[in-house]
Structure formats: C-alpha cells, structure tokens
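Residues per chain are reported as follows:
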Amino acid sequence: MRYRILVTGGAGFIGSAVIRYLTNETDHEVLNIDKLTYAGNLESLLEVSANPRYTFIQADICDAEAMKQAFGEFKPTHVMHLAAESHVDRSIDGPLEFVNTNVMGTTVLLEAARAYYASLSEDAQEVFRFHHISTDEVYGDLEGPEDLFTETTPYAPSSPYSASKAASDHMVRAWYRTFGLPVVITNCSNNYGPYHFPEKLIPLVILNALEGKPLPIYGKGDQVRDWLYVEDHARALVKVATEGVLGETYNIGGHNEKQNIDVVKKICSLLDELVGYKPNSIEKFEDLITFVTDRPGHDQRYAIDATKMSNELNWQPQETFESGIRKTVEWYLANQGWCQNVQDGSYQRERLGGSQDSQGGEA
Ligand code: NAD
C-alpha cells in the first residue's frame, strides 16, 4: 500500500535520512514540514528534491493554523515526528526554545493530528499512525556497567534537552490514553553518519582534524554512548511507523557501546589512513586531542536493549561501528562542499534568497 507520510524535521540529520530512505526505497509519498532552524539544511535533500513523491513546506510545528492546513491538504496516513531542538549544549545555554519546540510544538502537532483523525472514515482511522521519535536520554544515566535501557526503564532525564523530550513523550502517551490517538514511540541511542551537523561530536572531530584545530573532549572522554548508523535508524523508524503496535514503545540501538575517547581515536586513525596530509606539522591526528571541562549534568553511560525491535519487528542494524564510522569519515572527505556551506553559513543564506515554500512537488 502506498502511504502518505508527513515527516516533521525532515531537513535535519535523521529526518533527511528518513526522507532519503522513503523516497529511494519505498513508494510512499512524503510531505516534509520543517521550520529550517540552524539545524535544517535543504542541501541534505538535494537528491530527492525533484522526486514527484516529495513535497516540502517551511513551517513551525508550534503554528497551529499551519499544522491544521498541512493535515487538511496533505491528508497523511502516517506522521513521523522528528522536529525538535536536539543539541544538549544549546539546551544548557538556552532551555526555553527546547520547551517551546519539543513540548509545545509536539502538543500543537498532537492536537492537529487529533482533529484530523476525528475527521477520517473508519477505514482511514484504521491505517492512521502518529509516530513520535525520541531519545534514550530520557532514561538518564545507567548505573551498572552491564545495565541496559529497556522500554520499561523509568524516566530520569538530566538535561533541559532530555527533560523536554521526556515531557513530549508523556504528551504523546497522554494523547493515546486520553483521546485514543493511535501512536507509537521510539527511543533511540546516539546516531552518526552522513549529513550530521558539525556541532556534534563525530563530524566536529572530523572537520576540526582536517583543519588542524583542537579536538575537544569533555572530561576524561570516558562517557559511554551506544552508536547507531543513521541509515539503520531510518530503516527502523519506517518499520515502526508502518508495522509497530499501537501504544507501544520501541527502543532502538546499535549494540555499539564506545567511550567518547575511543570514538575520537578511531576517527583519528581512519584520517591517518585516508588523508594524504597532516596539518600543523603534527605526526598523527590524535595529537590534536584536547581535554576540556566536562559539560554540567553530563550522563556517564547510555546503552540500549533493542531486543523488542529484533523480536517483534525483525529489525537489526546492518552496520557495525567499524563499517559505519569508516563510511562516515569517507562521506565527510568526499562531501567537503556540503560541510563548507554549513561552516560558512551559506546553506542558510541560499534559503533566504531562493524559493522556500516548496522543494520538489507542490504541497
Ligand atoms: P536535528 O537538530 O538535526 O534536526 C531537527 C530538525 O527539526 C531541523 O531540520 C530543524 O530545522 C527542525 N525544527 C526544529 N524546530 C522546529 C520547529 N519548531 N518546527 C519545525 N521544524 C523544526 O535533529 P536530529 O539529530 O535529526 O534528531 C531528530 C529527532 O530524533 C529529534 O526529535 C531528536 O530528539 C531525536 N533523536 C536524535 C538522536 C541523535 O543522535 N541525533 C538520537 C535519538 C533521537
């Protein structure tokens, strides 16, 4: 069956991977709603922008009227809600925008979905799904070295980012319990891969290293994260959106627990192998590693038990950390133009100059 999938935040890192997957690997129609904050980059969607099954609207999920109109005109069978403020450091510097987009924006979207759902025929209601995409950071810090987050781990968020995501998860569950809106929720570990905004650890390290800049590592770099290649996440998300059981939560992870310092060293060794020069007369890229004061409230370890995804939806990641990080470093080396446009801000200037209401088919 050909679905009509409304994706929010589709110009972001994970949303653009979802849209590339949907347009390249399925027959579904896609409407991308994105406000184009600093994190939204239409250059990540160039390969799908001419596809007649893809449409873009620039809008804020907090704008109730715009959401109502988008639902009414596009008539989605599914919503995949990824739009969010997503960077922990920014949430420490300015938490209110996180509450606004992540909590209020999600609630506005839920209300638009509820009104739209109520207007559907019984058959259309049978198909409709609202998929809320969230993070494992809602569970807080893991204590024991062997502990894993499961779908029933109590919420204990540490940062304004994770607290706002936790609040949005609660809203989604409330709309399921109170209003009967058909929802599914996913909580995923750290993603990495192509088109990742260079403020996040992995692209930051790659791009700083190429320029001979310091590679900043919080504290001792011993924080553990469970890394998932973004294309594996995109596949998992589409599976949950289209096959997940209503009201259920699914944890998604890569079984790739790594200390931050080991991630950075791995990138450095790949750069030693793949790059034909060394900046600033260093001997190896690792020489650029610099330890900086730890982030306040920094969680020590996150790791996901993704058994439910595997047992119930038959999903497993296809990339190991070794294969995924190599692909990622190679992608950044081969796509310096994308990186350059982000670093010098031209990805935002171009959007102001050109037509921004649509990309690809009209809404
Ligand atoms: P991102 O910051 O790269 O992208 C977010 C997108 O949302 C951007 O395109 C931005 O323009 C858009 N956006 C922000 N505010 C908006 C608003 N008010 N209205 C409309 N659009 C708006 O984020 P990401 O890394 O792609 O994460 C996507 C989702 O996945 C988020 O909900 C995040 O919490 C979740 N998540 C991320 C990770 C990760 O490792 N990156 C892991 C687990 C879950």
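Residues numbered from 1 in each chain as written. Predicted model: local features only at pLDDT ≥ 70, side-chain atom pairs only at ≥ 80, totals over all residues. Heavy atoms only, no water.

Trainee: Tell me about the nonpolar core, and name the residues and values.
Mentor: Within soluble globular proteins, side chains that are nonpolar generally end up buried alongside one another. Core analysis: the biggest nonpolar cluster contains 43 residues, and Val 7, Val 18, Leu 22, Met 80, Ile 252 and Met 309 have the highest contact counts within it. Residues in contact with Met 80, not counting those within four places in the same chain, are Ile 5, Leu 6, Val 7, Thr 8, Val 18, Leu 22, His 131, Ile 133, Leu 237, Val 238 and Ala 241. The next biggest cluster of nonpolar side chains, apart from the first, holds 35 residues, and it includes Tyr 195, Leu 271, Phe 285 and Val 342. (Core = buried A, V, L, I, M, F, W, Y, C linked by side-chain atoms within 4.5 Å. Buried < 20%, exposed > 50% of the residue type's maximum accessible area, 1.4 Å probe, protein only. Contact = heavy atoms within 4.5 Å.)

Trainee: Provide a residue-level description of the packing of helix α1 (residues 13–25) against helix α8 (residues 230–243), including the pertinent values.
Mentor: Running from N to C, α1 and α8 cross one another at 65°; their axes reach a closest spacing of 9 Å. When the axis of α1 is compared with that of α8, the two are roughly perpendicular. The crossing of α1 and α8 is right-handed. For the pair α1 and α8, the contacting residues are Phe 13, Ile 14, Ala 17, Val 18, Tyr 21 and Leu 22 in the first and Val 230, His 233, Ala 234, Arg 235, Leu 237 and Val 238 in the second. Broken down by class, the residue content of the contact of α1 with α8 amounts to ten nonpolar, one polar and one charged. (Axes fitted to C-alpha atoms, helices over the stretch in contact; angles between N-to-C directions. Helix = DSSP H or I, 4+ residues; strand = E, 2+ residues; numbered from the N terminus. Parallel < 35°, antiparallel > 145°, perpendicular 65-115°, else oblique. Left-handed = near helix turned anticlockwise from the far one by under 90°. Nonpolar A, V, L, I, M, F, W, Y, C, P; charged D, E, K, R; others polar.)

Trainee: Run through the packing of aromatic side chains, naming residues and quoting values.
Mentor: Under the definition given, this model contains 18 aromatic pairs. Geometrically, the ring pair formed by Phe 71 and Tyr 116 is tilted, given 5.4 Å between the ring centres and 45° between the ring planes. Pair noted here: Phe 71 is in helix α2 (residues 64–74) and Tyr 116 is in helix α4 (residues 95–118), with a separation of 45 residues, a long-range link. Residue classification places Phe 71 among the buried residues on the basis of a relative accessible area of 2%. Tyr 116 gets classed as buried once you look at its relative accessible area, which sits at 9%. (Phe/Tyr/Trp six-rings, centres within 6.5 Å; stacked < 30°, edge-to-face > 60°.)

Trainee: I'd like a description of the sheet that holds strand β1 (residues 4–8), backed by residues and values.
Mentor: Within the open sheet, the seven strands sit side by side as β3-β2-β1-β4-β5-β6-β11. Their pairing is parallel. Bordering the open sheet on either side are β3 (54–58) and β11 (249–252), each of which pairs with just one other strand. The mean inter-strand angle of the sheet, taken between neighbouring strand axes irrespective of direction, is 20°. Looking at chain direction, β1 and strand β2 (residues 29–34) are connected through five bridges and run parallel. Directly across from Ile 5, in β2, lies its bridge partner Val 30. Along the sheet, α4 contacts β1, β4 (78–81) and β5 (129–135); its crossing angle with β5, the most-contacted strand, is approximately 165°. (Pairing = 2+ DSSP bridges.)

Trainee: Explain the pairing of β4 to me, using residue names and the numbers behind them.
Mentor: A two-sided burial pattern is seen for β4, the buried positions comprising His 78 and Met 80 on one face and Val 79 and His 81 on the other. In terms of strand pairing, β1 meets β4 through four bridges, oriented parallel. Counterpart to Thr 8 in the pairing with β4 is His 81. As defined by bridge partners, β4 adjoins β5 across four bridges and the pair is classed as parallel. When the sheet's bridge partners are listed, His 78 is paired in β5 with Arg 129.

Trainee: Lay out a negative patch on the surface in plain terms, naming residues and giving numbers.
Mentor: Negative charge collects at one region of the surface, where Asp 141, Glu 143, Glu 146 and Asp 147 lie side by side. When its relative accessible area of 37% is taken as the criterion, Asp 141 is described as partly exposed. (Patch = residues over 30% accessible without salt bridge, like charges linked within 9 Å, V, L, I, M, F, W, Y side chains within 5 Å. Areas by Shrake-Rupley, 256 points an atom, 1.4 Å probe, with all protein chains shown as cover. Salt bridge = Lys/Arg side-chain N within 4 Å of Asp/Glu carboxyl O. Lys, Arg positive; Asp, Glu negative; His and termini not counted. Charge placed at Lys NZ, Arg CZ, Asp CG, Glu CD.)

Trainee: So what's going on with the pattern of salt bridges? Residues and values would help.
Mentor: Tallying each qualifying case throughout the model produces 17 salt bridges. Put simply, Glu 273 and Arg 326 hold a salt bridge, and the shortest N to O gap is 3.0 Å. Of the two residues, Glu 273 is situated in helix α9 (residues 260–274) and Arg 326 in helix α11 (residues 321–334); the sequence distance between them amounts to 53 residues. Across the pair Glu 319 and Lys 327 runs a salt bridge whose closest N-O atoms are separated by 2.6 Å. In this structure Glu 319 comes out as buried when scored by relative accessible area, which is 14%. By sharing partners, the salt bridges in this structure join Arg 2, Arg 4 and Glu 29 into a single network.

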